[in-house]
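Read off the chains here:
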Amino acid sequence: MDIYYRMQGKGISLEDMQSYRSLDGASENEHHEGLCACEDYEDMLTYAGMWAGEEHEIVVFLGYKVGDLYDGVQVHPIRILDRMSYDEFVEREEEFLDLDALDELELLERFGRE
C-alpha cells in the first residue's frame, strides 16, 4: 500500500475509481483493473500544472500498484484521503512531501487498514 495522486473530474466515487481501467495502448498490464496515477507529489505537480482546470480535482488516495504506464503507474485505489483543487494542492506541498516519505508500515499506523 502506498500514497498516490490523481487528477480527474470532480466527484468521481471510490467505487467508480476502483472499477476504472486506464489503458495506454503500450502496456502489458492492460489486463489489470486500475487507474493511472502519480507516485509522488512532484510528479503530480508537474502533470497537473499542465492540465488542471476548474472541472478537475486532485485526489490523494491509498492504493496498490498493479502496473506501469508510460505516463505514470496503474493503481487499484482502496481509500480516498482527500480531494482538492490544484491551487490547494500547491499550497499543501509540505504536507504531501511528508506523506511521500512514509513507508507502508507508517502508512498503516497512520491510516489503518481498509
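Computed from a prediction, not measured in an experiment: that's the story for all the values here. Chains are numbered independently. Their residues run from 1 in the order of the written sequence. Given that this is a predicted model, residues contribute local features only at a pLDDT of at least 70 and side-chain atom pairs are listed and counted only at 80 or more, while totals for whole chains, interfaces and linings are drawn from all residues. Water and hydrogen atoms were dropped before computing side-chain values, which therefore reflect all heavy atoms in the structure.

## Examining the packing of aromatic side chains
In this description, a pair of aromatic rings is defined by centroid distance and the angle of the planes.
Working step 1: Centres within 6.5 Å are what make two rings of Phe, Tyr or Trp a pair, Trp counting through its six-membered ring; a difference in plane orientation under 30 degrees is then read as stacked, over 60 as edge-to-face, and the rest as tilted. Scanning the entire structure with this criterion turns up 6 aromatic pairs.
Working step 2: Relative to Phe-89, the ring of Tyr-5 has its centre 5.7 Å away and its plane inclined at 65°; by these criteria the two rings are edge-to-face. A residue pair is termed long-range when its members are at least 10 positions apart, and Tyr-5 in strand β1 (residues 2-9) and Phe-89 in helix α3 (residues 86-91) qualify at 84 residues. The two residues Tyr-5 and Phe-89 agree in class, both being buried.
Working step 3: Counting every residue linked through ring pairs, the aromatic cluster contains Tyr-5, Tyr-41, Phe-89 and Phe-96. By the criteria applied, helices consist of DSSP H or I runs no shorter than four residues and strands consist of E runs no shorter than two, each listed in order from the N terminus. Relative accessible area decides the class of each residue, using a 1.4 Å probe on protein chains only: under 20% of the type maximum gives buried, over 50% gives exposed, and in between gives partly exposed.

## Some points on the sheet that holds β1
Working step 1: Two strands qualify as a pair provided DSSP detects at least 2 bridges between them. Within the open sheet, the 4 strands sit side by side as β1-β3-β4-β2. Their pairing is antiparallel. For this open sheet the edge positions go to β1 and β2 (35-37), each flanked by a neighbour on one side alone. Going from strand to strand, the sheet's axes swing by 55° on average, the running direction of each strand aside.
Working step 2: For β1 and strand β3 (residues 56-69), the ladder comprises 8 bridges, and the chain directions are antiparallel. Directly across from Ile-3, in β3, lies its bridge partner Leu-62.
Working step 3: Here helix α2 (residues 41-51) sits on the sheet and contacts β1 and β3; the angle it forms with β1, its principal contact strand, is near 5°.
Working step 4: The criterion used for residue contact is that any of the two residues' heavy atoms lie within 4.5 Å. The axes are straight lines fitted to the C-alpha atoms, using for helices just the contacting stretch, and the angles between their N-to-C directions are given from 0 to 180°. On top of the sheet, helix α4 (residues 93-100) reaches β1, β3 and β4 (72-84); it is set at about 135° to β1, its chief contact.

## Quick notes on a negative patch on the surface
Working step 1: A cluster of acidic residues, Asp-2, Glu-39, Glu-42, Asp-43, Glu-93, Glu-94, Asp-98, Asp-103, Glu-104, Glu-106 and Glu-109, forms a negative patch at the surface.
Working step 2: Elements with a contribution of two residues or more to the negative patch: α2, α4 and α5 (104-111).
Working step 3: By secondary structure assignment, the location of Glu-94 is in helix α4. Only residues above 30% relative accessible area that lack a salt bridge enter a patch, with like-charged residues linked at up to 9 Å and the nonpolar side chains Val, Leu, Ile, Met, Phe, Trp and Tyr linked at up to 5 Å. All accessible-area figures derive from a Shrake-Rupley calculation using a 1.4 Å probe, and residue coverage is judged against the displayed protein chains alone. In what follows, salt bridge is the name for a side-chain nitrogen of Lys or Arg lying within 4 Å of a carboxyl oxygen of Asp or Glu. Here Asp and Glu are counted as negative and Lys and Arg as positive; His is not counted, and neither are the chain ends. By convention, the charge on Lys lies at NZ, on Arg at CZ, on Asp at CG and on Glu at CD.

## Remarks on the confidence of the model for the protein
Working step 1: Confidence of the predictor at the level of single residues is captured by pLDDT, which takes values from 0 to 100. With 90% of its residues at a pLDDT of at least 70, the protein reaches an overall mean of 87.
Working step 2: The weakest mean pLDDT in the protein belongs to α2 at 86; the strongest belongs to α4 at 95.

## Concerning α5
Working step 1: Side-chain atoms alone can form a polar contact between residues adjacent in sequence; in general such a contact is a pair of N or O atoms within 3.5 Å, and within protein one must be able to donate a hydrogen while the other accepts it. One side-chain oxygen of the residue at the start of α5 lies 3.2 Å from the amide nitrogen of Leu-105, identifying that residue as Asp-103.
Working step 2: Following α5 by one or two positions, Gly-112 adopts a phi angle in the positive range, close to 75°.

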